[in-house]
Structures are given as structure tokens and as C-alpha cells.
Amino acid sequence: MQRSEDAGCFFALALLYLFFPSAVVLFTFGSWPIAVAIATGLAILWSSNRQVKKMPVVLTHEGRNKRTPECLLTLLLNTWPYLVLAAGAVWLSGVIPPFSENSDWHKHYAIFNTMAYKPWPPKIVTDNGIATLRYFLGYYVIPAIAAKYLGIWVLSVAIFIWTTLGIYIAMMLAFGLRTRKGTTSFLLGCVFLLFSGADIIGTYFTGHIFGPWLHFEWWAEFGQLASSITNLFWAPQHAVSGWLSAFLFFRYPHRAIQNAGVIGAVVAVWSAFSAIGLLPVFLWAILQTGFRGLLTRSNLIAAPILLVSAALFLSKGSVGIPAQFIWDISRFSISVWVVFVFIEFGAISLALIVVTPQKTSLVVIHAAFLLTLCLFSVGAANDLLMRASIPSLGILALLSSTAIAFSPIGIRKVPIIICLVVGLVTPLGEITRALVSPRITNKHEITIIDVIKDKGYLVPQYLVNEN
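About the criteria used
- Residues numbered from 1 in each chain as written.
- Predicted model: local features only at pLDDT ≥ 70, side-chain atom pairs only at ≥ 80, totals over all residues.
- Heavy atoms only, no water.
- Helix = DSSP H or I, 4+ residues; strand = E, 2+ residues; numbered from the N terminus.
- Expected span 1.5 Å × (residues − 1).
- Bend = angle between axes of the 7 residues up to and from the residue.
- Patch = residues over 30% accessible without salt bridge, like charges linked within 9 Å, V, L, I, M, F, W, Y side chains within 5 Å.
- Areas by Shrake-Rupley, 256 points an atom, 1.4 Å probe, with all protein chains shown as cover.
- Salt bridge = Lys/Arg side-chain N within 4 Å of Asp/Glu carboxyl O.
- Buried < 20%, exposed > 50% of the residue type's maximum accessible area, 1.4 Å probe, protein only.
- Phe/Tyr/Trp six-rings, centres within 6.5 Å; stacked < 30°, edge-to-face > 60°.
- Pairing = 2+ DSSP bridges.
- Axes fitted to C-alpha atoms, helices over the stretch in contact; angles between N-to-C directions.
- Polar contact = N/O pair within 3.5 Å; in protein donor to acceptor, adjacent residues only side chain to side chain.
- Contact = heavy atoms within 4.5 Å.

Peer 1: Tell me about helix H16 (residues 334–355), residues and numbers included.
Peer 2: Given 3.6 residues per turn, any residue in an α-helix points the same way as the ones three and four places further on. Helix length check: H16, at 22 residues, gives a terminal C-alpha distance of 30 Å against a target of 32 Å (1.5 Å per residue), a fit within 8%. Along H16, the sharpest change in direction is near 50 degrees and occurs at Ile-343.

Peer 1: Which residues make up a nonpolar patch on the surface, and what values go with them?
Peer 2: The grouping of Leu-16, Phe-20 and Ile-44 at the surface amounts to a nonpolar patch, some 270 Å² of accessible area in total. Its location among the elements puts Leu-16 in helix H1 (residues 8–29). With a relative accessible area of 44%, Leu-16 lands in the partly exposed category.

Peer 1: Lay out the packing of aromatic side chains with the relevant residues and their values.
Peer 2: Summed over all chains, the structure comprises 27 aromatic pairs. Judged by centre distance (6.3 Å) and plane angle (85 degrees), the ring pair of Phe-175 and Phe-192 falls under edge-to-face. Taken together, the positions of Phe-175 in helix H6 (residues 155–175) and Phe-192 in helix H7 (residues 182–193) put the pair 17 residues apart, joining distant regions of the chain. Accessibility classification places Phe-175 together with Phe-192 in one group, the buried group.

Peer 1: Residue-level account of the sheet that holds strand E7 (residues 463–465), with values.
Peer 2: Within the open sheet, the three strands sit side by side as E3-E4-E7. Their pairing is antiparallel. The open sheet has two edge strands with one neighbour each: strand E3 (123–126) and E7. Mean inter-strand twist for the sheet, computed between neighbouring axes without regard to direction, equals 40 degrees. Pairing of strand E4 (residues 129–133) with E7 involves three bridges; the strand directions are antiparallel. What sits directly across from Ala-131, in E7, is Asn-465.

Peer 1: So, the environment of Lys-123: which residues are in play, and what are the values?
Peer 2: Structurally, Lys-123 can be placed in strand E3. Judged by relative accessible area, Lys-123 falls into the partly exposed class, the value being 43%. Through-space distance from the C-alpha of Lys-123 to that of Arg-251 is 41 Å; in sequence the pair is 128 residues apart. Side chain to side chain, Lys-123 and Thr-132 meet in a polar contact 3.1 Å long.

Peer 1: Requested: an account of the environment of Leu-435, with residues and values cited.
Peer 2: Turning to its location among the elements, Leu-435 is positioned in helix H21 (residues 425–436). For Leu-435, a relative accessible area of 48% translates into the label partly exposed. Separated by 334 residues in the primary sequence, Leu-435 and Glu-101 have C-alpha atoms spaced 9.6 Å apart. Leave out the neighbours within four places in its chain, and Leu-435 touches Leu-92 and Phe-99.

Peer 1: Describe the pattern of salt bridges, listing the residues and the values that go with them.
Peer 2: All chains considered together, the criterion is met by three salt bridges. A salt bridge links Arg-439 to Glu-101; the shortest N-O distance between them is 3.5 Å. Remark: Glu-101 occurs in the loop between helix H3 (72–92) and helix H4 (105–117) and Arg-439 occurs in the loop between H21 and helix H22 (448–452); sequence separation between them is 338 residues. In this structure, Lys-107 and Asp-104 form a salt bridge, with 3.8 Å as the shortest nitrogen-oxygen distance. What makes Asp-104 buried here is its relative accessible area of 17%.

Peer 1: I'd like to hear about the pairing of E3, residue by residue, with values.
Peer 2: Residue alternation in E3 divides its side chains into a buried set, Ile-124 and Thr-126, and an unburied set, Lys-123 and Val-125. Inspection of the sheet shows E3 paired to E4 by four bridges, in the antiparallel sense. Residue pairing across strands places Thr-126 opposite Gly-129, the latter belonging to E4. A loop of two residues connects E3 with E4, the two strands running antiparallel in sequence.

Peer 1: Report on the environment of Ile-286, specifying residues and quantitative values.
Peer 2: If you trace the backbone, Ile-286 turns up in helix H14 (residues 279–289). Each C-alpha atom of the pair Ile-286 and Val-90 lies 33 Å from the other, and the pair is 196 residues apart in sequence. Not counting residues up to four positions away in its chain, the partners in contact with Ile-286 are Ile-257, Phe-291 and Leu-294.

Below is the structure:
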């Protein structure tokens, strides 16, 4: 059987995971539902046609050649360690018992409940009148639909299944679909999920701890580059979309470039920051394929409609976002900034260049992008740095995993092992807190009003006043 990496059907499957919920949001919440429906149909048609022409040839038991996608059973047998790791990581995040959710899940439950209980687009009564829900809703659509039509009791299970599926697809994109030894697959997945900067060193250097117990991500005060587990536990909507879309460009540069506009539009509905974070992997894919790959019907016809519709939805009623250079923040110091850059991604980038010199250009592109993000503070909590960094950090995590699993043992491997071992403190802290902290008890009763109460700065993030 032809290797499944060569089959475009998996690209279509991964794209559909991101595409379908975003299309539902733009159709239901957007200003141009008919145009979105037409653009959605065309994008799926053109993407599917391209995959059908290149689907693998399989010999059936009757001895006849038949064009078919990779058998789902074979796919599962090849990649089951990634599914186990994805399910384990999502389980530890607390969406189903017995582990506990972190405080950001009050916000997630508020959005899920609003979409499950209310007609779409949800209308919410506030002190300033009637408001409409407006947020990065792509992640929330499928579990909310399940809860709306099957009952709110299925919400936690639906979140678990949906998130697990996204992480599973992301790891299959990252590491390929071919058969490996189970230990190799587990090693790849574990290194990826436990990837982190050396936050414990930064915490010791500054003496600053922000947030809950065992949360070491905010030691620099002016910004955060989160570990893989932290992103998954706290902001799955950003993590899943950032990793999945980045790995689409990494694994399938030609097909991704041919559908780049559509990918950007649908990812923006999951997370505008993740869409911004695709810039370096997009540029890398362009270097592999050339600019002519952008001149497709998908990019020239379907993508503009979806991009404009997404921009109108996400910008509706938005207010000015605080933005400044990083050195204009009162807490900034050049010494802490230099340490921040080196510890969070500089050291691991240098270690990757040493152990995998053939990947130097890819590492440099993403390190340069992360360095550029570190020059700015955009958003109340520097959300641009915190979330737009996810795709690039995902690529560095992917390269670290493959370097550990496949690079020859020798002195060159020592620096990356040291970086990864020191970084373990951060994800293990997040996991420990999930094991011992209490669960949220009233999750099906949390509302958007509960979230924004006494936090007026959150109102523009979630609501658009209809007045």
C-alpha cells in the first residue's frame, strides 16, 4: 500500500476539522451567510477534487486495483500511541473527572453554556442593553451542538472527544502516519506534549511568580511563551488551531499553499492570534513551493469571501487594543528581556541547530518570528506574544521530538536534552495542580455575565452591544 503521507485524503481530513466549525460560525454569526455557504462549498469541492486525483491505489482482496483513502483501521494501528497520549493529556486538563480544570475554564464553560442553551447567535442581557456573543468560537461549535441537541450532560464528553481528536490529528500531522515502534511513537508524543522553556530558571532569576500555585509561565511579567501542556490546559482553542494549521503547512506545503487563504480564514475563527502565528511556517512553505502555488481558485475566489466575512465578524464592535513596544512597559528591563529570549526559545533553537543542522533554516525562521513578537506588547496580557507564538513553538517542539528520537547519540545531543529536562518543571507543575486541585462544581450554570462581572475589560472580548 502506498504510504499514507502521500495521500491527500488526510490533508482534507485535517483541514475539515478546522473548516467545518468555522464555516458554521461564519454562516450563523456573519453578515454574508449566502456568500459564506457558496464559498464553503467551492473550497471543499476544489480541495477534495485535488485530493481525489492523488489518492493511493490499494489492491483489494479480489485482486483489483481500487482508489481509496487509507483504511481507518490501518491508520489507527499505525498511530494509536498518539491517540492514547492525546486522550491522556486532555483527560489531565480536567474536562472530565477526576482531574481539575484551571480557572480559565470558567470562561470556556460560559461560552459552551451560552451556545448550548441559547438560539444562535446568542443574545445576552447586560446592564447596557442587549449584546451578542462574539469571540473565537471555532473550538466551541461541535461540543456546543452536541450539548444543545443531546442534552447538557454530554458537554464534558463532547469536549473531551473533540479536543482529543484535534490533538491526535495534530500529532499525526507532526510525526507522519507510517508504522513505527510503539516506544518511538510514545517518545515523539511525550517530548512534544512536555515541551517547554526553562521557566524555573526565569522564576529563580526574577523571583516573580504570577498566577496559581505551580504556574511558572509569567515570571517575566511583560510576556509569556507557554509550554505545550499549558497552552492545551488553559487555551485549547488557541493550541489546537495553532498546532494543527502549522503542521498542515509543515507536512503538506504544496497543498497548504494552494489553500492558504482558506486555512487562514478558518483558523482566524478559532484564534486570530494563531492565524497571525502562521506567518513563518507560511513563508517556509513558500520557499519550498514557490509563489505560483498561491494562484489557485481556492485562494483567488473562495478565500477572499471567507477572509472578509471572518474579519467583519471578529472586528464587529471591537474597541482599541492596547499596543506598544515592549520597552515602553514599566516592568521591562533589558536584562530580564535577554534572559527571557534565551531561556524561552533561544537556547532550544541553538541546540536544535547543533543536533539537526539540516533544519537550520526552519529553526531560524521560527526563532526570528518569536524574537519579533518579543519586541511588542499587544493586548491587556500581551496576548499577541502569548498566543501567536503557539505555531512556532509547536514547530520547535516537533523538531525537538524528532531530534531526540532519531538523531544519533553523541555529544551534539546533550544540549537539547538539558534544555528539555530543565523545561519539564513547567508542564509537571501544571499536571500536579490538575491532580490535587478541586474541580469546578457548577460548570453547567456559569454564564457570560458571571465571567464579566467586576471585569469590565472582558466585555469587548466576548460581547457586541446591539445598541
